[in-house]
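Here's the letter readout for the chains.
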Amino acid sequence: MAGVSSGAAGEVIAARFLREKGYTIEAANFRSRFGEIDIIASDTQYIAFVEVKTRSEDSRYTPREAVTEGKQARVLRTAALYLQQHPTSLQPRFDVVEVVTGKGKPLEAQEIDHLMGAYEAGDLSLSF
């Protein structure tokens, strides 16, 4: 993965992690006019819209702190559009996968944390 950004590497690591947990990857880097969803994954009950955040272990902030209210709103609008285009009986859920890499080693995951239901759809749940 030489030349790959730490964010892109984090997404590959997160997708592998989700597959190992039994999820099916439905889409990656799904884009709309509202924004982008890093990974859309499903299991038997949920369709998870996953934001992947990658940080070095020496970062001053946790990866989840980068998922701001503005970012959440863009993901929610993009998820609503995805669900209009790809109807499903699965329950939508909004997750964050944090990938913490080694200091100076952006391609080596030291820790992976899957925050299921990291935030709620709020009023946009009416779109589903």
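As shown above, the structure is provided for reference.
This write-up is about the structure you can find in this document. (Residues numbered from 1 in each chain as written. Predicted model: local features only at pLDDT ≥ 70, side-chain atom pairs only at ≥ 80, totals over all residues. Heavy atoms only, no water.)

1. Regarding the pattern of salt bridges
Logical step 1: Overall, the coordinates contain four salt bridges when judged by the stated rule.
Logical step 2: Two residues, Asp95 and Arg93, come together in a salt bridge whose shortest N-O distance is 2.8 Å. Side by side, Asp95 and Arg93 carry an identical accessibility label, which is buried. (Salt bridge = Lys/Arg side-chain N within 4 Å of Asp/Glu carboxyl O. Buried < 20%, exposed > 50% of the residue type's maximum accessible area, 1.4 Å probe, protein only.)

2. Concerning the pairing of strand 2 (residues 36–42)
Logical step 1: Burial runs high along strand 2: six of the seven residues are buried.
Logical step 2: The loop that links strand 1 (residues 24–31) with its antiparallel partner strand 2 comprises four residues.
Logical step 3: Judged from the four bridges that link them, strand 2 and strand 3 (residues 46–56) form a sheet pairing that is antiparallel. For Ile39, the partnering residue across the bridge sits in strand 3 and is Val50.
Logical step 4: Taking the residues that link successive antiparallel strands as the turn, the strand 2-strand 3 hairpin has three residues. (Helix = DSSP H or I, 4+ residues; strand = E, 2+ residues; numbered from the N terminus. Pairing = 2+ DSSP bridges.)

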